[in-house]
Structures are given as C-alpha cells and as structure tokens.
Amino acid sequence: MTTAPADITSSYRPVAPPAEQETPGVVTVIEPKSGWAALDLREVWHYKDLLFTLASRDVKLRYRQTALGAVWVVLQPLIAAGIFSFVFGKVAKLPSDGVPYILFAYAGLLGWNAFNNTLTKASTCLVSNAQLVSKVYFPRLVLPLSTLGGTLIDFGVAFAVMAALMVFYRIVPHAGLLLLPVWLLLILLLAVGVGLFAAALTVSYRDIQYVLPVLTQFVLYASPVAYAVSAVPIGLRPFFFLNPLSGVLDAFRWSLLGTGSLNVGAVGYSALFGMVAFVCGAFAFRRMERRFADVI
Amino acid sequence: MSSKDIAISVRGLSKAYTIAHNAAKHTTAAEALVHRLRNPLQHPPAKETFWALKDVSFDIRRGDVLGIVGRNGAGKSTLLKILSRITEPTNGRALLHGRVASLLEVGTGFHPELTGRENIEMNGAILGMTRREILKYFDSIVEFAGVERFLDTPVKRYSSGMYVRLAFAVAAHLNPEILIVDEVLAVGDSEFQKKCLGKMGDVARQGRTVLFVSHQMPSVKALCSRVIQMSGGTVLRDGEPGSVVDQYLTDGSGDLLPERLWCREDQPGDAHLRLRALRVVDTAGEIRGTYSSSQAMIVEMEFDIAQPSSALCVGFDLINRNGVTVFRSNHNDGGERDWPALTVGRNTLKCVIPPGLLNFGKHFIAPKIGLHATAWVVNGEPEISFDVDLDHSDSPFWSVSDPNKFPGAVAPCLEWQVVGSKGAWKIGHPPNLS
C-alpha cells in the first residue's frame, strides 16, 4: 500500500463515485492544512438537505410553547414602530417625508430587522450548536447559512403586514418597488459577512455575544430607520453615509414608500461594502473553522 | 496488499493540543488583555504541547471490523475525530476509500422540543443521509426503535431508554462503506445492546468496513476481526482480537498483585472515606496468587471514615479475564439488620466469596465505594488480581476434561433431578425400568 489511487482529490470533498461498484470511488484525504482555504460552495450544496433541515428546525423551535406563536414576528416590529412614531414623530416632531410616521418607521424596521436578525443568528449559531460542531462533520458554513431560512420567513410575514398597512393608508407602490429584492440581497450580504466573522470569533471569545447587541443598537440609531435622511443636518451627511447600512436602508424605504430619493452613490458604497464584507467574512470563517472543534 | 483492498490507510498521524498553564488560558478577550497588561514582561504565556496522537500508522482492509481498545486518554477518540474530519491532524495523512459515516455519540442534534418524527429527520440529515434515504428507511427506523405510538410526542417526554433506541435506530440505517463508531453501545438496556451489536454484525457481513471503539471487551471479541490497542497516543498492539484483548486486560494488571496498600498521599477517596488496603486472602488469612475454586476466598477492604454517611456503600466489582463484570457486591446488599456497622476511623470489612462459584483463570477486583445514588467516593479500576484453579467438582468428567475450557462467567455446580422421579438418579444404580 504505497501507490496512491488515481483519483485522489486535494481537498476534503468526496468525489462522485465512478459507475462500477467494485472499487469505491470516493476517496477522502485527511491532512493538515494551513493558510487560506477555498470557500468550496459545492460541498455546501452537497449538504443542502442538512441546510434545509436545520433551517426548518429553527423555525419550528422558535415558537414552540408560546401562546401567540408566529404573531410575535409581526408584533415585535409593530410595537417598535409604534414607539418610534411616538418618540420621533410626536415628541421630537421629525419629518417623515409625507407618509404616516408609523408606516415610515415600520418600513425602516423591515429592512433593519432583516439585517439585525441575520447578524444575531449567524453570529451565535456555532456556539449554540457546539454539540454538532464537536461531534459531526459537515461544511461549517452550513450552520450560519441555515439561519437565513428563519430570517427570510420572518421577513416574508413582516412584509405581508407592510403590504396590508400600505393598503390601509392608501399608499400606491411605485416602480422602485421592483428594486426591493436587490436591497434585501445587499442587506443580507452585509449581515452574513459580519455574522460569519463574528461567529468564528465567538468560538474563541464569547465576549462577542455581549458586544454585538450594544454595537447593533448603536448602528440602529446611526441608520435611517427611526428617522428620515432629510432630518440629518446637511453637514453631517457625508459622515452619516459612511455607515454602510445608511444608503441601502434609505433605498429600501424609498422602494416601498417613495420617500426621499435614490442616492446612487450611497447605495453603490453599501453594495461594495456588503460584497467585500461577505467575501472577507466567508474566507476568515473558512480559515478559522479548523480550530472550531478543538476550541468550542 | 494491493491498494484496491484498502479501505483506510493512516500514515504518521499526529495531533497536538496546546495546554495553557495556570492563569494563561483566557476565554474572554478582556481576560487575555488584562493578563497581558498585568504581565507585560512575561511574553509568551506558559504553554505546553500535549500530543494526543503520536505517529500512528496502520492500514485497514475492506470488510474488516477493527476494534480499538485502550484506557481513557489513550488517543482513541482523537483518532476517530480525525478520521471523521471533525478536527484536523497536526501531522500525517489518512486516506479513506469509500463513503464514510461516523457515529461518535448517540443522538447528536436531537432536540428535546422536537417530536420523534422531526428528530428522525434532523438526526438523519446530520449523519449525512439525504432526504430520500430518510423517507425510504423511515418505517424501518421507527420499527427498530419501537416508538410508533410516540412519533408525534416531543422527545423530552420520552424515557431515556426510548430516546437512546430512537437515536441508535437512525444511525443503524446509515449505509456507508466505512462506519466509524465510538463507544455508543454503552447505553440502553442489555436487550437493546444485543440488537445494536447484531446490527453492527450485519453491517460487517455486508463487506463494509467498521472502526469500533469500545470498553466492552466481550463485544470487541465478538464483533471484530482485528484489534488495535492504543496507549499514550500510539499503537501498542495490533492483531487477533483474542490475543490483543487478553493482553490488554492483563497489562498493567499483569503486575497487579493479590494485595494493594496505599500510602497516605495517594489513598483513593474523598472527605468521607479513604481506602487504605484491598486484598484477597484464603480461609486461613494467607495472601495467595492462586486460589482453588473449592475453597472460599475472602476479599478484605481496609479504609478510614472521616465523615460518616448513612448512604455509604462499600463494595467491589469482580471482573474476569474477558473483562466481564462477574458481579458487584456491596456491604449493604442484604437486609438492613445484616449490614455491618461502620464506625468513624479505621474499618476493615471482609466479604466471603463462597467456594464452588468462580470459574477458572485470572480475576480482578475494582473497589467501588459510593454514596448511594448520589456520587462516587472511589470508582476504581481493577487494583488487585488473583488466579483461580477450577477444582470444586467431584465429577469424574471434570477431572478428565481440560479445566480451562469450562465456559461461563461463573461455574457453580447446580442440582439436577429427573422430573417426576421418586429419587435421585445415581451413577451405577439406574432406576428399575421394568
């Protein structure tokens, strides 16, 4: 046994077996690796059944033994929108670009929650599934990606309520609505990118779990969610748009309600930032994942 | 050996873990930072490299059932974790030819809130089954586990037995070419264990390769075609199951004597009790290496009680050459009136093993002292050993046959009678048949 079989792959990924059953064609090579690794999304795809099962588990589990169940998905942003419209609309009397403040705040929260929920769930998924990580092999990227399932369903439900609110307030959608999926994609790219990085760091340093909520709270008030871009002093706007979420969240609300105008520069910056964050986060995750099982 | 017959080939596999000493291990970034600030000069914190696996090499042929035995910390689980791709080796290389499934724990990914049905789907997906495979085997899994009636009940309401059965049932329906199994059969009742062993035997007969870690020597002997004994991260022995298991059991215990005395510093025990001595003597109080099975053997346990407790159970396990626990005995197994009274300070208890009970061969005694149903005080490994010569029967057949072949964990001579006969049947005096 010194001659190596012909179809050895250099990665962990099993190769599809050839037609004849006599010689098992799948060869797994196990050896130490160092440095950066390829993302290997093909193997992630190979584990798609696991990905979907994990996602459906999260959805099923979330509202077991709750009286109101899925109603919470709607109630949470509605209550938050109510608070925002009272504090910012009634007390501070900020402008809402001509739409009812509650609708305005709810539209902002719709985009914000997509970001925040994805980031929060992705960043804690490794630690909350420590048992899986230390006892079973699967491409580790499956875990953070599976959290997207629950987020998307929440988004869908909250979006349906948005549609109902728009009918109630007689807001006619404009052509910009067609761009909404693009903004959602950009928001998710950014959230998953940061989430992957945070998830990998949380394995070694649980601090991230505590730091992240504080940071996101800060970013929430630094983004156009509870207030309009038009309420930000002109002189501060360049700094305001340094926040990669500002451009895309503003565009998100523009698509829904037609408030303000599409700031192409700011959205382009958000898009670039989101893509870079995703790629960096994914590669950093792949690089750190080798130690997960040993450290977690 | 041609490469075609090889299922797993391991070359120079090593795994190092870094152990940080005293306050040098930080789990929060703040701790790490504070430590750095407080000790600016002590640059690299005191670290030590621990090799859990050292230069391990072997080949496994297709269809082999390889047992891996060894004491805790010998590197068995690390080896399985590397071969399952959960963790990476530090050095070396392994090739696995064929689809691999590994089962390092029963019920990984089981969630108490999910129903039996949902957990089957979940666990199957985690173990690498496709949705189609899970659907195909679903009924068979449910039947194997025997949980039909509770399929839609959350598993948190299952008894622990049902839980384990369901978990193993899913794993038993994996269809890999290479199956890696860690000590998972140690759970469940004995009937279910038998069922699991049977299932693993089937897997092996279908020409699949199995890697199997176990502490249960009888199952290793029954299932495996080859056994590797690991020790200190290396392969110590490799060969026939019978010989490796026998050597493993006698090693370390090979130098066990019929008496063990502990000096003050390393007396096993805790604040309640400390064990001072353990020995086997004959009826005359003589310590021997070999006892005749026709004579009583007396196990003596000497210990100091510092803190009395009514829950204290002092006992031992008697283990035979195959690693089978022949019995456990505690000082309070009998009715409460018969319990020997323990006092604060020095106690010596003796337990008489009656003549005509034990089978031939080497026996080991592991002290087992605990607070009933609460905690172990001494949960010992075998500490002393002695040999037994089988000679307690007057039967002429016993004296002519090889006394070292009598099967069974014990060898009592029981009473036999003809049903409905008026008297016992005596050799040479057949009953009148007319």
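Fair warning: this is a prediction, and the values are worked out from it, not measured in the lab. (Residues numbered from 1 in each chain as written. Chains lettered and ligands numbered in written order. Predicted model: local features only at pLDDT ≥ 70, side-chain atom pairs only at ≥ 80, totals over all residues. Heavy atoms only, no water.)

A. Looking closely at the overall build of chain B. Looking only at helices and strands, chain B has nine helices and 19 strands in total. Within chain B, buried positions represent 46% of all 434 residues. Within chain B, contacts between residues separated by at least 24 positions form 69% of all contacts whose residues are at least 6 apart in sequence. Accessible surface for chain B amounts to roughly 22,100 Å². Of this, 52% is attributable to carbon and sulfur atoms. (Helix = DSSP H or I, 4+ residues; strand = E, 2+ residues; numbered from the N terminus. Buried < 20%, exposed > 50% of the residue type's maximum accessible area, 1.4 Å probe, protein only. Contact = heavy atoms within 4.5 Å. Areas by Shrake-Rupley, 256 points an atom, 1.4 Å probe, with all protein chains shown as cover.)

B. Layout of the environment of G63 of chain B. All names here are of chain B. Considering the arrangement of structural elements, one finds G63 in the loop between β2 (47-61) and β3 (65-69). In this structure, the C-alpha to C-alpha distance between G63 and A7, residues 56 residues apart in sequence, is 8.1 Å. With near-sequence residues (within four places) excluded, G63 lies in contact with A204, G207, R208 and T209.

C. How the structure looks around the domain arrangement of chain B. Residue and element names in this part refer to chain B. With domains assigned, chain B is organised as domain 1 (3-253) and domain 2 (259-389). Between domain 1 and domain 2, the C-alpha centre-to-centre distance is 33 Å. Of the residues lining the interface, eight residues belong to domain 1; the matching set on domain 2 comes to eight residues. Here domain 1 meets domain 2 over a buried area of about 540 Å², counting both sides, of which 58% is carbon and sulfur. The tally of links from domain 1 across to domain 2 stands at zero salt bridges. In terms of residue class, the side of domain 1 that touches domain 2 is built from three nonpolar, two polar and three charged. (Domains from an automatic or database assignment. Buried area = accessible area lost by both parts, 1.4 Å probe. Salt bridge = Lys/Arg side-chain N within 4 Å of Asp/Glu carboxyl O. Nonpolar A, V, L, I, M, F, W, Y, C, P; charged D, E, K, R; others polar.)

D. Seen up close, the nonpolar core. One finds L126, M162, W183, L256 and L257 of chain A together with L83 and L211 of chain B to be the most contacted residues of the largest nonpolar core, which totals 112 residues. Take this core: its biggest share by element is 15 residues, from helix α7 (residues 180-204) of chain A. Formed by 48 residues, the second largest nonpolar core is a distinct cluster that contains I134, I141, L179 and V244 of chain B. (Core = buried A, V, L, I, M, F, W, Y, C linked by side-chain atoms within 4.5 Å.)

E. View of a nonpolar patch on the surface. There is a patch of nonpolar side chains on the surface, built from I79, I83, F86, V87 and V91 of chain A and spanning about 480 Å² of accessible area. Note that F86 of chain A resides in helix α3 (residues 71-91). (Patch = residues over 30% accessible without salt bridge, like charges linked within 9 Å, V, L, I, M, F, W, Y side chains within 5 Å.)

F. Main features of the side chain of S246 of chain A. Residues and elements named next belong to chain A. Counting through the fold element by element, S246 comes out in helix α10 (residues 244-257). Owing to a relative accessible area of 0%, S246 belongs among the buried residues under this scheme. With sequence-adjacent residues up to four places away left out, S246 is seen in contact with A222, S223, P224, F240 and F241.

G. Main features of the side chain of S96 of chain A. Residue and element names in this part refer to chain A. Within the secondary structure, S96 is located in the loop between α3 and α4 (101-128). Only 2.6 Å separates the side chain of S96 from the backbone oxygen of V99, close enough to count as a polar contact. Contacts of S96, omitting those with residues within four sequence positions, involve Y101, F104 and T259. (Polar contact = N/O pair within 3.5 Å; in protein donor to acceptor, adjacent residues only side chain to side chain.)

H. Looking closely at the sheet that holds strand β16 (residues 345-353) of chain B. Residues and elements named next belong to chain B. The sheet built from four strands is open, its strands ordered β10-β11-β13-β16 with antiparallel pairing. Sheet topology places β10 (259-261) and β16 at the edges, where each strand pairs with a single neighbour. Averaged over all adjacent pairs, the angle separating strand axes in this sheet is 20°, with direction ignored. In this structure, strand β11 (residues 273-281) lies alongside strand β13 (residues 297-305), joined through eight bridges in antiparallel fashion. Its bridge partner being in β13, L278 is matched across the sheet by M301. (Pairing = 2+ DSSP bridges. Axes fitted to C-alpha atoms, helices over the stretch in contact; angles between N-to-C directions.)

I. Region of interest: the interface of chain A and chain B. Contacts between the two partners involve 45 residues from chain A and, on the opposite side, 51 residues from chain B. Viewed at the interface, chain B and chain A are joined by four salt bridges. A salt bridge links E31 of chain A to R93 of chain B, with the shortest nitrogen-to-oxygen separation between them at 2.7 Å. Here chain A and chain B share seven residue pairs in polar contact (both at pLDDT 80 or more) between them. When contributions to the side of chain A that touches chain B are tallied by element, the ones reaching two or more residues are β1 (27-30), α2 (48-62), α5 (130-135) and α12 (292-295) of chain A. Among the elements that take part in the side of chain A that touches chain B, α2 of chain A stands out by supplying eight residues, more than any other. Its residues assigned to classes, the side of chain A that touches chain B shows 22 nonpolar, eight polar and 15 charged. Where β1 of chain A and strand β4 (residues 91-97) of chain B come together, four bridges link them in antiparallel fashion. Along β4 of chain B, the bridge assignment pairs I30 of chain A with A94 of chain B.

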